[in-house]
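Chain by chain, the residues run as shown.
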Amino acid sequence: MNKGKVDVWSLGCVMYEMITLRPPFQAKSMEELYKKVMRGIYPKLSSKYSEDLSDVIKLMIQVEAGARPSCEELLK
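Residues numbered from 1 in each chain as written. Predicted model: local features only at pLDDT ≥ 70, side-chain atom pairs only at ≥ 80, totals over all residues. Heavy atoms only, no water.

Comments concerning helix 3 (residues 51–61)
Here is step 1: Inspection of helix 3 places Ile57, Met60 and Ile61 among the buried residues, and these make up the whole buried set. Around the axis of helix 3, the buried residues are gathered within 85° of arc, so they sit on the same side. Residues of helix 3 that are exposed and angled more than 90 degrees away from the buried face: Glu51, Asp52 and Lys58. (Buried < 20%, exposed > 50% of the residue type's maximum accessible area, 1.4 Å probe, protein only. Helix = DSSP H or I, 4+ residues; strand = E, 2+ residues; numbered from the N terminus. Arc of directions from axis to C-beta.)

Some remarks on unusual backbone geometry
The general pattern is negative phi for most residues beyond glycine and trans for most peptide bonds.
Here is step 1: Its identity is not glycine, yet Leu21 carries a phi of approximately 65°, on the positive side.
Here is step 2: Following the sequence through the fold, Leu21 ends up in the loop between helix 1 (3–20) and helix 2 (30–39).

A closer look at the environment of Lys36
Here is step 1: Structurally, the position occupied by Lys36 is in helix 2.
Here is step 2: Taking C-alpha positions, Lys36 is 24 Å from Asp52, a pair spaced 16 residues apart along the chain.
Here is step 3: Discounting chain neighbours no more than four positions away, the residues touching Lys36 are Phe25, Gln26, Ala27 and Ile41. (Contact = heavy atoms within 4.5 Å.)

A short note on the packing of aromatic side chains
Two measures describe an aromatic ring pair: the distance that separates the ring centres and the angle between the ring planes.
Here is step 1: Per the stated rule, a full pass over the model turns up three aromatic pairs.
Here is step 2: An angle of 15° between the planes, with centres 5.9 Å apart, marks the rings of Trp9 and Phe25 as stacked. Here Trp9 is found in helix 1, whereas its partner Phe25 is found in the loop between helix 1 and helix 2, with 16 residues between them in sequence.
Here is step 3: Between the aromatic rings of Tyr16 and Tyr42, the centroid separation amounts to 5.6 Å while the plane-to-plane angle is 85°, which identifies the pairing as edge-to-face. Of this pair, Tyr16 sits in helix 1 while Tyr42 is found in the loop between helix 2 and helix 3, placing the two residues 26 residues apart along the sequence.
Here is step 4: By relative accessible area, Tyr16 is classed as buried at 1%.
Here is step 5: A relative accessible area of 11% places Tyr42 in the buried class.
Here is step 6: Among the aromatic residues, those joined into a cluster by ring pairs are Trp9, Tyr16, Phe25 and Tyr42.
Here is step 7: The lysine or arginine in question, Lys44, covers the ring of Tyr42, its NZ or CZ lying 4.1 Å from the ring centre. (Phe/Tyr/Trp six-rings, centres within 6.5 Å; stacked < 30°, edge-to-face > 60°. Lys NZ or Arg CZ within 6 Å of the ring centre and 35° of its normal.)

Pasting the structure below:
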(Lines give C-alpha, C1' and ligand atoms only; values in the text may rest on other atoms or scores of the structure.)
Protein backbone atom coordinates (compact mmCIF):
# COMPACT_ATOMS: atom_id res chain seq x y z
CA MET A 1 0.00 0.00 0.00
CA ASN A 2 1.23 3.47 -0.86
CA LYS A 3 2.36 5.26 2.31
CA GLY A 4 0.91 8.58 1.16
CA LYS A 5 -2.50 7.03 0.63
CA VAL A 6 -2.44 5.58 4.16
CA ASP A 7 -1.61 9.04 5.47
CA VAL A 8 -4.61 10.44 3.54
CA TRP A 9 -6.86 7.76 5.08
CA SER A 10 -5.52 8.58 8.57
CA LEU A 11 -6.01 12.31 8.03
CA GLY A 12 -9.57 11.62 6.86
CA CYS A 13 -10.24 9.72 10.08
CA VAL A 14 -8.80 12.56 12.19
CA MET A 15 -10.84 15.16 10.28
CA TYR A 16 -14.00 13.06 10.72
CA GLU A 17 -13.39 12.84 14.47
CA MET A 18 -12.68 16.57 14.74
CA ILE A 19 -15.98 17.30 13.00
CA THR A 20 -18.20 14.77 14.77
CA LEU A 21 -16.29 14.39 18.07
CA ARG A 22 -16.42 10.60 17.49
CA PRO A 23 -14.10 8.28 15.58
CA PRO A 24 -15.52 7.11 12.26
CA PHE A 25 -15.13 3.42 13.09
CA GLN A 26 -16.53 2.10 16.36
CA ALA A 27 -17.30 -1.45 17.40
CA LYS A 28 -17.67 -3.68 20.44
CA SER A 29 -14.88 -6.04 19.39
CA MET A 30 -11.65 -5.88 17.40
CA GLU A 31 -13.10 -8.30 14.84
CA GLU A 32 -16.17 -6.11 14.31
CA LEU A 33 -13.96 -3.03 14.11
CA TYR A 34 -11.74 -4.71 11.52
CA LYS A 35 -14.76 -5.60 9.41
CA LYS A 36 -16.11 -2.05 9.54
CA VAL A 37 -12.76 -0.56 8.56
CA MET A 38 -12.26 -3.05 5.72
CA ARG A 39 -15.77 -2.40 4.39
CA GLY A 40 -15.62 1.35 4.96
CA ILE A 41 -18.70 1.32 7.18
CA TYR A 42 -19.05 4.50 9.24
CA PRO A 43 -21.83 7.01 9.94
CA LYS A 44 -22.07 9.66 7.26
CA LEU A 45 -21.62 13.29 8.21
CA SER A 46 -24.71 15.23 9.20
CA SER A 47 -26.40 17.29 6.49
CA LYS A 48 -25.54 20.41 8.52
CA TYR A 49 -22.05 20.13 6.98
CA SER A 50 -21.40 21.07 3.38
CA GLU A 51 -21.64 18.47 0.65
CA ASP A 52 -18.06 19.35 -0.35
CA LEU A 53 -16.76 18.52 3.12
CA SER A 54 -18.71 15.25 3.17
CA ASP A 55 -17.35 14.36 -0.27
CA VAL A 56 -13.74 15.03 0.73
CA ILE A 57 -14.03 12.93 3.89
CA LYS A 58 -15.71 10.15 1.88
CA LEU A 59 -12.86 10.19 -0.66
CA MET A 60 -10.20 10.15 2.06
CA ILE A 61 -11.69 7.30 4.10
CA GLN A 62 -12.59 5.01 1.23
CA VAL A 63 -11.25 1.48 1.37
CA GLU A 64 -9.60 1.39 -2.06
CA ALA A 65 -6.26 3.16 -1.58
CA GLY A 66 -5.78 3.79 -5.29
CA ALA A 67 -9.01 5.78 -5.43
CA ARG A 68 -8.05 8.10 -2.57
CA PRO A 69 -6.75 11.55 -3.48
CA SER A 70 -3.08 12.30 -3.04
CA CYS A 71 -1.93 15.01 -0.64
CA GLU A 72 -1.28 17.24 -3.64
CA GLU A 73 -4.80 16.68 -4.96
CA LEU A 74 -6.28 17.53 -1.56
CA LEU A 75 -4.38 20.82 -1.44
CA LYS A 76 -5.88 21.85 -4.79
